[in-house]
Amino acid sequence: MAFSTPISSSYLPRVYSHLSANDATSEAKSRICLSNASAFFQRTLNYNGKSHLPRFKSRRYQSSCGHGGSPTMTPGHSWSPEGLVRARTAQRIQNVAEVVMEDGSERKMVVVSAMSKVTDMMYDLIDRAQSRDDSYEVALDAVFEKHKLTALDLLDGDELSNFLSTLSHDINNLKAMLRAIYIAGHATESFSDFVAGYGELWSAQILSSVLRKGGIDCNWLDTREVLIVTPAGSNQVDPDYAESEKRLKNWLFQNPSKVIVATGFIASTPQNIPTTLKRDGSDFSAAIMGALFRARQVTIWTDVDGVYSADPRKVSEAVILNTLSYQEAWEMSYFGANVLHPRTIIPVMRYDIPIVIRNIFNLSAPGTKICRSLNEQQDEKQKLENYVKGFATIDNVALVNVEGTGMAGVPGTASAIFGAVKDVGANVIMISQASSEHSVCFAVPEKEVQAVSKALETRFRQALGAGRLSQVAVIPNCSILATVGQKMASTPGVSATLFNALATANINIRAIAQGCSEYNITVVVKREDCVRALRAVHSRFYLSKTSIAVGIIGPGLIGATLLNQLRDQAAVLKEKSKTDLRVMGILGSRKMLLSDIGIDLSNWKEVEEEKGEKADLEKFVQHVHGNHFIPNTVLVDCTASTDVADHYHDWLRKGIHVITPNKKANSGPLDKYLKLRTLQRQSFTHYFYEATVGAGLPIMHTLRDLLQTGDKIIRIEGIFSGTLSYIFNNFVDGRAFSDVVKEARAAGFTEPDPRDDLAGTDVARKVIILARECGLNLELSDIPVQSLVPDPLKETASVDDFMQQLPSFDADIANKQQAAEDAGEVLRYVGVVDVTNQKGLVELQRYNKKHPFAQLSGSDNIIAFTTERYNKQPLIVRGPGAGAEVTAGGVFSDLLRLAKNLGAPSF
């Protein structure tokens, strides 16, 4: 493709915007992986064949959109041993040279940055000199040694001699310049830019020498000779493309070669004064050169597979995006995702040049393509990210709220506000204003908020004193969450989905901003909620794993069975419903087991025995809920403890969901129950208790469906105790009642003390729970209960004594059974909720043998709902009502119901 400018045709770049399978294969062969220590940058413009701008750099921690981030060794930390740094740096340069030499393109341009840490070292020299710190001389010697040793590793002969001569000359010049800075105690911007740019000059010369040593026709380009930029304020520069193209044409004419190694980061002003492109300047250089050569594609090599939908350090389910529009990449960059600096996108946007982000360590990954928006994106397999591409966050911000009735309709108020902000040099990150013009809210970096607040109070002192402005308020400790996507404007419901996800995760929004283009929706949240908010919205839009931090309280029979069920079903849930129920803690009566990443449920008992710590409910709850990597928390109370149940209200108030088979909270004091249910209804926090009545049977679910659909409950009657169901189903054919109780106890159907079942209190609690669900404000003491424990045995000291004395009381209940038999009836122990008369009772009743209650077997429960709709024929629910498996299954069902409410898809 020909240049639009009259550059000699012998240097026309011929590049491809995409690669065929064969091209991709040959391209992959020319690339190598870099170790963690390298920071040598390379970008290549291929003149003939393939177009890529590879960037080889030090491995960095992944940031929100997949590259940039903090170096593994931040400034101020100890340097690595010089020999190790030297060897690794030299090896990386050699690897870069091999990439260039193996590439089949006829002509190439390589844009390089300084070696690892050199730019920081050069700025450190300036800081020391202008601080009159004599150690700048020692630091300069370290710079010299770093490059000298690297050259000794890579070069020999004339190439080595020439470079060392140039290096020594440059170091002497630097000594003189730094000495002048030392004497003046100040460095001008021009001086600083000139000193800082030496690292690129040395890198370009070393690489070009290595290439020539390998037989490549190569020249190096000091881009200060061709790249002209104009200062634009705010630490930025604007390229002069016309002048730069003219100078580049002349340089190419005078320096013909097949490979050009160009310096990144540095440039010149129109007055030919050396300057830099400021931080992130090497990326900017590559993009500018791509624009000057009208390249068909710029590829930036980094250490991740592409641009992520969210910071993968915070959202483990973040996915690689296949494509981004220029605007989307721009928005995500602005809001903290180091995809590219926004300036880098500008040059390539001018000529619709795509940028591809690739991983040098994973050549099989296709990466992310940043280009002009396409009407059709057939390669996008995910659904909702077609509308919302990604999420980015900015931490450490503060909100400033200026409000007052005197602002409404007054021209120039906003101008005065932001004029004051500009005067103190603060950066406004986002702005939100109500349509009433009563208030203006904006976000600034937290470190700048005090200066902003003082400036506004000074500027509006008269308005504040007169009451036209009511306040200038500062809200600290905030974070910004930006949702970015080009298709959001044409997709109804995006905002609703976003805000619903945040509300469901119990996240409070402090401020909202959205532009007319709808490329992003920005919200401000508490800093402590930021990660949880990020995970919540990402999960909702990407249908990724709905992660819930689970805390199990009471790993007894039911709790341990639930843990086994979670273990066996975990893989299926992740695959089919994208649900991750991650058990972060298990609390017993003596010990507790905590984990930061999730407990391995295959051997939790052994690990608890070995590594468990002393049980502490407060610490347990804080641990499970304090995991910021999981947005949702649920505590599952599998105990029968009143003390644990008393914490439900506090947990719900903190945004912790509660699931329980424990009846104590819903059958306890009425005022506590009403307070608990009121809080539940007013919040987005869920409280599920299906297993409190009927174990795994859908009793509560059925009742709620009836009530919510407008049916009127008349009467609920049922056999609610699996233990008593078993006893009376087997109390036939003249068997002694005590023998049946003994059999039930031996089979594990009763509590350790059978009197707990025979007393009927458990049934009464279930009756109270159902009655309150129907709107009856009854206390447990309002329910008359017929106890099956003989009065003389109620105070018997031991269970064994009770069991030994029980046969002496068989006659009384045997007579009742015989009377029922003679009448063609059976005995059943039932609970009744009489909604019409607003009462409940628990008693032994007789039923005709054709009645559904007489048809039970084993330990089944049966519940009959008589309603206005189901009047002549009651709605009956029947099934196993006792046992650890079914009760744990009921709790598990509530967990899945919670996951569905939090965004997990059905399967």
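Residues numbered from 1 in each chain as written. Predicted model: local features only at pLDDT ≥ 70, side-chain atom pairs only at ≥ 80, totals over all residues. Heavy atoms only, no water.

- As recorded in an unreviewed UniProt entry, the chain goes by ACT domain-containing protein and comes from Centaurea solstitialis.
- Recorded under Subcellular location (unreviewed entry), the UniProt text for the chain is reproduced unchanged: "Plastid, Chloroplast".
- Comment text from UniProt for the chain, heading Function (unreviewed entry), reads "Bifunctional aspartate kinase and homoserine dehydrogenase that catalyzes the first and the third steps toward the synthesis of lysine, methionine and threonine from aspartate." (UniProt positions renumbered as here; feature names shortened; annotations may be inferred.)

What about the sheet that holds strand S14 (residues 430-433)?
(1) Moving on: Reading across the sheet, the six strands line up as S14-S15-S13-S16-S18-S17 and stay open at both edges, with antiparallel pairing between neighbours. Strand pairing shows two members of the sheet lacking a second neighbour, S14 and strand S17 (509-514), which therefore form its edges. Direction aside, neighbouring strands of the sheet carry axes that sit 30 degrees apart on average.
(2) Moving on: Each of strand S13 (390-403), strand S16 (471-484) and strand S18 (520-526) touches helix H16 (residues 530-542); the most contacted strand, S13, lies at about 125 degrees to it. (Pairing = 2+ DSSP bridges. Helix = DSSP H or I, 4+ residues; strand = E, 2+ residues; numbered from the N terminus. Axes fitted to C-alpha atoms, helices over the stretch in contact; angles between N-to-C directions. Contact = heavy atoms within 4.5 Å.)

Quick look at helix H26 (residues 737-746)
(1) Moving on: Along H26, the positions that sit buried rather than exposed are Phe737, Ser738, Val740, Val741 and Ala744. Viewed end-on, H26 has its buried residues packed into an arc of 160 degrees, placing them on one side of the element. Those residues of H26 that are exposed and aimed more than 90 degrees away from the buried face are Lys742 and Ala746.
(2) Moving on: At its buried positions, H26 is contacted by helix H25 (722-730), helix H27 (755-758), helix H29 (799-805) and helix H30 (810-822).
(3) Moving on: Gly748 occupies a position one or two residues after H26 and carries a positive phi of about 85 degrees. (Buried < 20%, exposed > 50% of the residue type's maximum accessible area, 1.4 Å probe, protein only. Arc of directions from axis to C-beta.)

Describing the sheet that holds strand S26 (residues 713-719)
(1) Moving on: If you walk across this open sheet you meet the five strands as S28-S27-S26-S29-S30, and the pairing is antiparallel. Because the sheet does not close on itself, it has two edges, and the strands there are strand S28 (839-848) and strand S30 (875-880). Each neighbouring strand pair of the sheet contributes to a mean axis angle of 20 degrees, computed without reference to strand direction.
(2) Moving on: The pairing of S26 with strand S27 (residues 825-834) spans four bridges and is antiparallel. If you follow Gly718 over to S27, its bridge partner there is Gly831.
(3) Moving on: Strands in contact with H30 are S27 and S28; relative to S27, the strand with the most contacts, it is inclined by about 100 degrees.

Side note on the nonpolar core
(1) Moving on: Residues Phe620, Tyr648, Trp651, Ile716, Ile727, Phe728 and Leu770 are the most contacted members of the largest nonpolar core, which totals 71 residues.
(2) Moving on: For this core, the element with the highest residue contribution is helix H28 (residues 761-773), accounting for seven residues.
(3) Moving on: Excluding anything up to four places from it in sequence, Ile716 contacts Leu703, Leu770, Cys774, Gly831, Val832, Val833, Ile863, Ala864 and Phe865.
(4) Moving on: Of all hydrophobic cores here, the second largest spans 48 residues; its members include Ala97, Met115, Leu167 and Tyr198. (Core = buried A, V, L, I, M, F, W, Y, C linked by side-chain atoms within 4.5 Å.)

Section: the packing of aromatic side chains
(1) Moving on: Overall, the coordinates contain 13 aromatic pairs when judged by the stated rule.
(2) Moving on: Ring plane angle 85 degrees and centroid distance 5.4 Å describe the contact between Phe194 and Tyr198, whose orientation is recorded as edge-to-face.
(3) Moving on: Judged by relative accessible area, which is 23%, Phe194 ranks as partly exposed.
(4) Moving on: Aromatic pair Phe731 and Phe737: ring centres 5.4 Å apart, planes at 75 degrees, arrangement edge-to-face. Of the two residues, Phe731 and Phe737, both sit in the buried class.
(5) Moving on: Grouped by ring-pair contacts, the aromatic residues Tyr648, Trp651, Tyr687 and Tyr689 constitute a single cluster.
(6) Moving on: Lying over the aromatic face of Tyr241, Arg350 brings its terminal NZ or CZ to 4.1 Å of the ring centre. (Phe/Tyr/Trp six-rings, centres within 6.5 Å; stacked < 30°, edge-to-face > 60°. Lys NZ or Arg CZ within 6 Å of the ring centre and 35° of its normal.)

Let's talk about the side chain of Arg755
(1) Moving on: Inspection of the secondary structure puts Arg755 in helix H27.
(2) Moving on: There is a polar contact of 3.2 Å between the side chain of Arg755 and the backbone oxygen of Leu793.
(3) Moving on: Discounting residues that sit within four places of it in the chain, Arg755 has contacts with Val789, Leu793, Lys794, Thr796, Ala797, Ser798, Val799 and Phe802. (Polar contact = N/O pair within 3.5 Å; in protein donor to acceptor, adjacent residues only side chain to side chain.)

Brief notes about the pairing of strand S6 (residues 259-263)
(1) Moving on: Of all five residues in S6, five are buried, a share of seventy percent or more.
(2) Moving on: What you see with S6 is no split at all: Val259, Val261 and Thr263 on one side and Ile260 and Ala262 on the other are buried throughout.
(3) Moving on: Across five bridges, strand S2 (residues 108-112) lies against S6 in parallel orientation. Each residue of the ladder has a partner; that of Val111, found in S6, is Ala262.
(4) Moving on: Judged from the four bridges that link them, strand S3 (residues 218-221) and S6 form a sheet pairing that is parallel. Opposite Leu221, over in S6, you have Ala262 as the bridge partner.

Section: the confidence of the model for the chain
(1) Moving on: A residue-level look at the chain finds 85% of positions with pLDDT of 70 or above and a mean pLDDT of 82.
(2) Moving on: Confidence drops under a pLDDT of 50 for residues 1-88, and excluding neighbours within four residues, the segment shows 265 contacts in the predicted structure.
(3) Moving on: Taken together, the stretch residues 376-385 has pLDDT below 50 and engages in 15 contacts with residues farther than four places along the chain or on a different chain. (pLDDT = per-residue confidence, 0-100.)

A short note on the environment of Ile507
(1) Moving on: Inspection of the secondary structure puts Ile507 in the loop between helix H15 (494-504) and S17.
(2) Moving on: Among the residues examined, Ile507 registers a relative accessible area of 7% and is labelled buried.
(3) Moving on: Placed 148 residues apart in sequence, Ile507 and Gly655 show a C-alpha to C-alpha distance of 8.8 Å.
(4) Moving on: Once residues within four sequence positions are removed from consideration, Ile507 is found in contact with Leu502, Val525, Asp529, Arg532 and Ala533.

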